[in-house]
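# Structural characterization, general
Residues per chain, in single letters:
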Amino acid sequence: IEVSLAAVSALIAEQRAVIVSGKAKATAASVALAEIPTKFADVIATVQAFGTGNAYEANVKAKFAKLATEYAALKTSADNIVAVTV
């Protein structure tokens, strides 16, 4: 029984290290994602000012909308991982 308990303890410790490593990576991802609005502020403002009457501008706005949705979901996921207490 003691050997099995030690094995369980070791497995828990190993998996805790995996989670801590993942949390550190999620923290780095969250920071990098948080920089996007500032780093690309000019582009974002330009695209947001585009209309939909021009085919090019409408296409760019659609691409931007897709990226904005993906960004928001990914940032939320990273922040949720960061918030986990290990």
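See above for the structure.
Scope of this entry: the structure provided in the associated data block. (Residues numbered from 1 in each chain as written. Predicted model: local features only at pLDDT ≥ 70, side-chain atom pairs only at ≥ 80, totals over all residues. Heavy atoms only, no water.)

### Focus: the pattern of salt bridges
Enumeration over the complete set of coordinates arrives at one salt bridge. Note that Asp79 is salt-bridged to Lys75, the shortest N-O span being 2.9 Å. Of the two residues, Asp79 and Lys75 both sit in helix α3 (residues 55-83), four residues apart, roughly one turn of that helix. According to the relative accessible area criterion, Lys75 is buried, its value standing at 17%. (Salt bridge = Lys/Arg side-chain N within 4 Å of Asp/Glu carboxyl O. Helix = DSSP H or I, 4+ residues; strand = E, 2+ residues; numbered from the N terminus. Buried < 20%, exposed > 50% of the residue type's maximum accessible area, 1.4 Å probe, protein only.)

### Looking at the side chain of Ser30
With respect to the helices and strands, the residue Ser30 is situated in helix α1 (residues 2-39). Overall, Ser30 belongs to the buried group, its relative accessible area being 9%. There is a polar contact of 2.8 Å between the side chain of Ser30 and the side chain of Lys75. With near-sequence residues (within four places) excluded, Ser30 lies in contact with Lys75, Ala78 and Asp79. (Polar contact = N/O pair within 3.5 Å; in protein donor to acceptor, adjacent residues only side chain to side chain. Contact = heavy atoms within 4.5 Å.)

### A word on the packing of helix α2 (residues 41-49) against α3
Running from N to C, α2 and α3 cross one another at 125 degrees; their axes reach a closest spacing of 9 Å. Looking at the two axes, α2 sits oblique to α3. Viewed along their axes, α2 and α3 form a crossing whose handedness is left-handed. Seen from α2, the contacting residues are Ile44, Val47 and Gln48; seen from α3, they are Val60, Lys61 and Phe64. The residue inventory of the contact of α2 with α3, partitioned by class, reads four nonpolar, one polar and one charged. (Axes fitted to C-alpha atoms, helices over the stretch in contact; angles between N-to-C directions. Parallel < 35°, antiparallel > 145°, perpendicular 65-115°, else oblique. Left-handed = near helix turned anticlockwise from the far one by under 90°. Nonpolar A, V, L, I, M, F, W, Y, C, P; charged D, E, K, R; others polar.)

Any functional reading would require information that these geometric values do not contain.
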